[in-house]
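# Results of the structural survey
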Amino acid sequence: MNLLGSLFSSSLGRKFLMAATGLVLFGFVTGHLLGNLQVFLPPEKINAYGHMLESLGAGLWLIRLFLLACVVIHVWLAIQLTLENRAARPQDYGVTHTNRATLASRVMARTGLVVLAFILFHLAHFTVRIGHPQWSEHTFTLLNGTKVRDIHTMMVQGFSNVGVSVFYIIAVGLLSYHLAHGIVSMLQTLGLKNEKWTLGLERFAVAYCWGYFLLNAAIPVAVLGGLVKLHA
Amino acid sequence: MAKLDSKTPAGPLADKWQKHKQEIKLVNPANKRKYEVIVVGAGLAGSSAAATLAELGYRVKNFVFHDSPRRAHSIAAQGGINAAKNYQNDGDSVHRLFYDTLKGGDYRAREANVHRLAEVSVNIIDQCAAQGVPFAREYGGLLANRSFGGAQVSRTFYARGQTGQQLLLGAYSALSRMVGAGGVELHTNSEMLDLVVVDGHAKGIIVRDLITGAVSRHSADAVILATGGYGNVFNLSTYARQSNATAIWRAYKRGACLANPCYTQIHPTCIPVSGDYQSKLTLMSESLRNDGRIWVPKKKEDAKKDPASIAEADRDYFLERIYPSFGNLCPRDVASRAAKRMCDEGRGAGESGLGVYLDFSDAINRLGEAGVRERYGNLFDIYHEITAESAYKTPMRIYPAVHYTMGGLWVDYNLMSNIPGLFVLGEANFSDHGANRLGASALMQGLADGYFVIPYTIGDYLAQQKPGSRPPADRAEFKQAEENVTAMTKRFLANQGREPVSHFHKRLGKLMWEYCGMARTKQGLETALQKIPALREEFHANVKVPGSGDTLNQSLEQAGRVADFIELGELLCRDALTREESCGGHFREEYQHPDGECKRDDEKFGHVAAWEYQGEGQTPLRNTEPLNYEFTKMSVRSYK
Amino acid sequence: MVAPTTKKLFSVTLRVWRQAGPAQPGHFVDYPAANVNPDMSFLELLDVVNDGITKDGGEPIAFAHDCREGICGTCSCTINGKPHGPGQGIATCQLYMRSFADGDTIVVEPFRARAFPIQKDLVTDRSAFDQIQQAGGFISVRTGAAPDANSIPVPKEDADLAMDAAACIGCGACVAACKNASAMLFVAAKVSHLGLMPQGQPERDKRVFAMVQTMDAAGFGNCTNQYECSAVCPKTITHDFIARLNRDYLGALFRAKFKPVSNAAGGGGS
């Protein structure tokens, strides 16, 4: 059997795929956050960054397809493994007792589903721009004279809607919570944890998740609070 | 009258085994697969035998009453396994291990058997290390050793306090490999309830499936019993609750001689009894005696006091006082009886007065608490679980408890019983420990029998059986044995009794401990021989076995086992009564030196007593096999 | 040989899962127990309750037990939702009644998992563990073929770590506690024990494949890294061994794709 086939056909292989796609998506959301944080800089920066990404052309589509494949695999295997896990204990205990499994670890499917819904909304909102055709038309002139899409304005206008901002904050909160278990779990599944590193890795994960949540939440909060305004 | 020919090979002691291996018959490789061998039990002896015989090409059927072969009680052995490796360069040798074991057994074992045991001890360590048994290591990566009772060299190999577990898991892994490879057919939850003898040869067994209740017949070219000891005849012991003597007892009733049943080992370091509900006594490894010091108060009036309040000068370190050269490391029987004497004098510790202190304060001063924890941490944890006391802070309280039985089915040098085709290994046989077993020798014997003796000696028997000559399981002998088993089951289930099985087991245990425990007398044994048959009668009239026979029924299992224990208990007392001497684990108060040590009578009792069943209600026959000591002198055992 | 106790006795109610056979439905039954001595073990209380049931004409509770010192791995009760009950690093047989208080209701269930079907009451069939072992939980060494034990030095640190893993008693509490009834801690302990020893290297990749494949086939769930297993393990075996198993498995998987295989593999001698 080929490598991919072996991975998809065993429990540990599928766990590895969950972890590996998780790692990719983790890398993506981290990069995405770093890109977004440029909204706190002059509009020139984030718009130039957006233009750089868009000018990747076919490359951008390859990246998008790869990310999409990762999401599909991650979600598909999550559903499959969860169903198997339920089937592995057909009769539940009369008394349920949890020793140390964190709440985050026990609601992975639920946080994951909300995050999935959010991704669809988010793509529709800012990438396909359904309902906001004007965002496709706003332009911004970079210092070198290139006319590019005005992402800065799109973000400020988008987050000015309180409902959108609240959903965004809740979604990144749940995504952080998903990652709170996901990061350490991923390292365990990839076999990168050992007797010595465990504690350090766990601390890193907690710090990362808080940082991820607070920095993400800072964007809509800053827009609503008037800290980041429409540029002239 | 059974013929007891030990078949000990002639020649110099050190050459006997080599020579014997060269002389016995072999089965050619292509013929091996034509022979079926039944192995009952999967402890160290059973699983090592089953695995090794399957490796050789025999078709093996392994029967265990546990749900997995890994659960056999060998798993509970804590301290270690002896081997004459002399890795410590402290003067150890095969001869010294032989001598220590023979002397430790109070000169009641066969010289040739013990020497073979010492010889193959070195192979066992090699075998187990190669299987991946995680023995304790020194920093250089080589094997570590510790010392054990009855020896003045450091020859005990160990894996923390779980040596038995690790060795058993090693043997279990070898067995599992052969099950996976198809060489062994494994029958779990299967209890042997009868032996089938055809034309004088053991040719099969009757088995009850403990889950479905189905009774089945199994024929084979040879039957190996490796079913452990009979210590649970005392009810309270360090044995597992399910350990039983049913396989050997039913074989006895089919004509196999039971040798020296009165040699029972009482282990000095166990946690004392706390109440009537008690189901089991927990052993604290003998290795604790390496660093722990045993004492009782010098004055009776201090016995109930907090041990911390008793001044050093008021403590009697009695083993160090009486046995200065071996001190706390004197053999088990010696240490147990000394502890009993102290308690009989009224100086015993604890609420019951049945306990002595095992004190680690010196060791903690010397090694630090961490050092002691590294060596004995898990044992201290066990002690804490059971007593809610920390042995780091206050001395342990310990008391002797039944731990091992040296007696068992009689076997010759080939480990074959007096029934041809019936082989007996490990604790189930009587062969190597004489009247007392030294610490760390049980694991050695179990594995020696299974890995290195039976694979050779069984060939000698099988080579004389025509391939494919085993009888079919529809022969009359099988049918009769099966009917015997089903009838017994029916009788128990139909009995209109009132008391649960445990009631009788407890009463038997109390009788045995009182009259046939650490110290025995003629009068006590005669009393027991009156009371036990009465108990037996009452048991059969008044035992209540609920449920049915065609499902998992633990009461029914226990009923059969306790019925056998009652009968075996009677034989044990009879053996103890007729052995008018004291030796090793058999101590008759009438036969002792002024200092309370065993007084042997080599002239009259320098022999093996092998009991032969004569039918229900008949007094069994006492056969003897003389112990001819060609190379060693039976001398007075002294640990002073 | 038993002195009267000075301990304060108390009462509890046992709420026990009764199930006549694998196919029959089960249910809870309450059994009051009085005069409980705090020094009594939990299984000894079951013994006493069973004697009472027998005398009253009922059928006693079937429960698995043997050594009663926490090493054979037979006992397997889930007590108040936790395999082996309250306490850490103990098997059911090492649980003492002093862990409970007067008036407590103690809920006793079997280990529950599809791969451990109930045979009767509290007794389950854990032979799936044996099958996993038979698939690869060994080092292939024929009896008598071993070199001198000291010819293979094992660094003390490796031997100690291997021993940590080898301490597994095969009770199945890890499976029972896991939200997904996964057997990863058990398999990880076995694979790590042998994989940490130099003797275990030749079959290392083959072993991990075979054992994981058998585990998967037995119907256990998948590990979601919640570490309920190690929290209830009577030998406190750490879930770090699961990371090691994952590492071993992935390493073996990738190696298998690149390692050349001899054409003569499997051929006999001449």
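Rules used in this analysis
Residues numbered from 1 in each chain as written. Chains lettered and ligands numbered in written order. Predicted model: local features only at pLDDT ≥ 70, side-chain atom pairs only at ≥ 80, totals over all residues. Heavy atoms only, no water. Disulfide = S-S within 2.5 Å. Domains from an automatic or database assignment. Contact = heavy atoms within 4.5 Å. Buried area = accessible area lost by both parts, 1.4 Å probe. Salt bridge = Lys/Arg side-chain N within 4 Å of Asp/Glu carboxyl O. Polar contact = N/O pair within 3.5 Å; in protein donor to acceptor, adjacent residues only side chain to side chain. Helix = DSSP H or I, 4+ residues; strand = E, 2+ residues; numbered from the N terminus. Nonpolar A, V, L, I, M, F, W, Y, C, P; charged D, E, K, R; others polar. Buried < 20%, exposed > 50% of the residue type's maximum accessible area, 1.4 Å probe, protein only. Core = buried A, V, L, I, M, F, W, Y, C linked by side-chain atoms within 4.5 Å.

Attention shifts here to the state of the cysteines. Summed over the entire model, instances satisfying the criterion amount to zero disulfides over all chains. There is no disulfide at Cys 573 of chain B, and the cysteine sulfur nearest it, in Cys 516 of chain B, is 4.0 Å away. In this model Cys 72 of chain C remains outside any disulfide bridge; the closest cysteine sulfur is found in Cys 67 of chain C, 3.6 Å from its own.

A few words on the domain arrangement of chain B. Residue and element names in this part refer to chain B. Structurally, chain B comprises domain 1 (266-403) and domain 2 (476-607). Once you take the C-alpha centre of each, domain 1 and domain 2 turn out to be 30 Å apart. Taken together, the 14 residues of domain 1 in the interface contact 13 residues of domain 2. Summed over both partners, the interface of domain 1 with domain 2 comes to about 980 Å²; 58% of that surface belongs to carbon and sulfur atoms. Among the residues of domain 1 in contact with domain 2, Ile 266, Arg 337 and Lys 340 are the three that bury the most area, contributing 48% of the side total. A salt bridge links Asp 276 to Lys 510, with the shortest nitrogen-to-oxygen separation between them at 3.7 Å. Inspection of the domain 1/domain 2 interface yields two residue pairs in polar contact (both at pLDDT 80 or more). Only α9 (332-344) and β15 (396-405) provide two or more residues apiece to the side of domain 1 that touches domain 2. For the side of domain 1 that touches domain 2, the element with the most residues is α9, which contributes six residues. Of the residues belonging to the side of domain 1 that touches domain 2, the class tally is eight nonpolar, one polar and five charged.

Our next topic: the interface of chain C and chain A. The interface of chain C with chain A comprises 52 residues on the first partner and 41 residues on the second. Note on chain C versus chain A: buried area summed over both sides is about 3800 Å², and carbon and sulfur give 51% of it. The three residues of chain C that bury the most area against chain A are Arg 112, Asn 222 and Asp 240 of chain C, which together make up 15% of that side's buried surface. Our count for the chain C to chain A interface comes out at zero salt bridges. For the pair chain C and chain A, the interface holds 34 residue pairs in polar contact (both at pLDDT 80 or more). Elements represented by at least two residues in the side of chain C that touches chain A include exactly β5 (105-110), α4 (173-177), α6 (204-217), α7 (228-232) and α8 (240-258) of chain C. Here the element with the most residues in the side of chain C that touches chain A is α8 of chain C; it accounts for 13 residues. Grouping the amino acids of the side of chain C that touches chain A by side-chain chemistry returns 28 nonpolar, 13 polar and eleven charged.

The next point concerns the arrangement of the chains. When the two pairs of chains in contact are ranked by number of contacts, first place goes to chains B and C. There is a gap between chain A and chain B: no contact, and a shortest C-alpha distance of 19 Å.

All names here are of chain B. Here Asn 429 lies in the loop between β17 (422-424) and α11 (442-462). Residue classification places Asn 429 among the buried positions, given a relative accessible area of 2%. For Asn 429, the side chain forms a polar contact with the main-chain oxygen of Val 424, separated by 3.0 Å. At a separation of 3.4 Å, a polar atom in the side chain of Asn 429 contacts the side chain of Asp 449. With sequence-adjacent residues up to four places away left out, Asn 429 is seen in contact with Met 406, Gly 407, Gly 408, Leu 409, Val 411, Leu 415, Val 424, Gln 445 and Asp 449.

With that settled, consider the nonpolar core. Grouped together as the largest cluster of nonpolar side chains are 266 residues, with contacts concentrated most on Ile 81, Leu 225, Phe 318, Met 396, Leu 422 and Ile 458 of chain B together with Phe 220 of chain C. Apart from the residues lying within four places of it in its own chain, the contact partners of Phe 220 of chain C are Ala 88 of chain A together with Ala 115, Phe 116, Ala 128, Phe 129, Ile 132, Val 175, Asn 180, Ala 181, Ser 182, Ala 183 and Met 215 of chain C. With 31 residues, the next largest nonpolar core counts Phe 10, Leu 46, Ile 53 and Phe 100 of chain C among its residues.

Contacts between the two partners involve 85 residues from chain B, matched on the other side by 81 residues from chain C. Taken together, the two surfaces of chain B and chain C that pack against each other cover about 6700 Å², and 52% of this comes from carbon and sulfur. On the chain B side of the interface with chain C, the three residues burying the most area are Arg 71, Arg 137 and Tyr 277 of chain B, jointly 11% of the side's total. In this assembly, chain B and chain C are joined by six salt bridges. Across the pair Asp 67 of chain B and Arg 126 of chain C runs a salt bridge, and its minimum N-O distance is 3.4 Å. Put simply, chain B and chain C have 42 residue pairs in polar contact (both at pLDDT 80 or more) between them. Going through the elements one at a time, α3 (44-56), α5 (111-130), α6 (163-180), α10 (361-387), α11, α13 (501-516) and α15 (554-578) of chain B are the ones with two or more residues in the side of chain B that touches chain C. Per-element tally for the side of chain B that touches chain C: the top contributor is α6 of chain B, with nine residues. Here the residues of the side of chain B that touches chain C are counted per class, giving 33 nonpolar, 33 polar and 19 charged.

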